[in-house]
Amino acid sequence: LLLMGRKLYRFGTGLMVLALALGLLLWLGYGIGAGQGWMHAKLALVLAVVGYHFSCKRLLEQFERRTNTRSHRWFRVFNEVAVLAFIAITVLVVVKPF
């Protein structure tokens, strides 16, 4: 499971870097969403998801050292936080509420 976790983290990191680069290109290169409230909210959520990604790395390292002390219920809730953030980001981009 640890090998699979490391591979998944590397794969996710590559996709994150690509998504951030393309998002910056759209925002800075083409001005999509510049100066609009929904874009500021989206960027805040994106920064939170990037922080979530790095906290996943810390958790993976704890598993590798066998020092994890959290329960399976905590990990279930932790997993859903990212899903809710991605749903909120998608709604902000599609609906552009403000």
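Up top is the structure.
Computed from a prediction, not measured in an experiment: that's the story for all the values here.

1. Re the overall build of the chain
No. 1: Across its full length, the chain carries 3 helices and 0 strands.
No. 2: What you see in the chain, going N to C, is helices and strands ordered as α-α-α.
No. 3: For the chain, the C-alpha atoms occupy an extent of roughly 45 × 25 × 15 Å along the three principal directions.
No. 4: A total of 98 residues make up the chain; the buried ones form 19% of that total.
No. 5: Put simply, 70% of the contacts in the chain that link residues at least 6 apart link residues at least 24 apart.

2. Here we look at helix 2 (residues 37–65)
Along an α-helix, a turn takes 3.6 residues, which lines up residues three or four apart on a common side.
No. 1: Helix length check: helix 2, at 29 residues, gives a terminal C-alpha distance of 43 Å against a target of 42 Å (1.5 Å per residue), a fit within 8%.
No. 2: Within the sequence span of helix 2, burial applies to W38, M39, K42, V49, V50, Y52, H53, S55, L59, L60 and Q62.
No. 3: Among the residues trailing helix 2, R66 stands out with phi positive, at a value near 65 degrees.

3. So, the pattern of salt bridges
No. 1: Overall, the coordinates contain 1 salt bridge when judged by the stated rule.
No. 2: Put simply, E64 and R6 hold a salt bridge, and the shortest N to O gap is 3.0 Å. Remark: R6 occurs in helix 1 (residues 2–30) and E64 occurs in helix 2; sequence separation between them is 58 residues.
No. 3: Its relative accessible area of 31% is what places E64 among the partly exposed residues.

4. With respect to a nonpolar patch on the surface
No. 1: Residues L8, F11, L15, L18, L22, L25, L26, Y30 and I32 make up a contiguous nonpolar surface patch of about 960 Å² in total accessible area.
No. 2: Overall, the relative accessible area of 42% leaves I32 in the partly exposed class.

5. Here we look at the environment of K57
No. 1: Here K57 shows up in helix 2.
No. 2: What makes K57 partly exposed here is its relative accessible area of 29%.
No. 3: In this structure the C-alpha to C-alpha distance between K57 and F78, which are 21 residues apart in sequence, comes to 13 Å.

Quick notes on the rules
- Residues numbered from 1 in each chain as written.
- Predicted model: local features only at pLDDT ≥ 70, side-chain atom pairs only at ≥ 80, totals over all residues.
- Heavy atoms only, no water.
- Helix = DSSP H or I, 4+ residues; strand = E, 2+ residues; numbered from the N terminus.
- Buried < 20%, exposed > 50% of the residue type's maximum accessible area, 1.4 Å probe, protein only.
- Contact = heavy atoms within 4.5 Å.
- Expected span 1.5 Å × (residues − 1).
- Salt bridge = Lys/Arg side-chain N within 4 Å of Asp/Glu carboxyl O.
- Patch = residues over 30% accessible without salt bridge, like charges linked within 9 Å, V, L, I, M, F, W, Y side chains within 5 Å.
- Areas by Shrake-Rupley, 256 points an atom, 1.4 Å probe, with all protein chains shown as cover.

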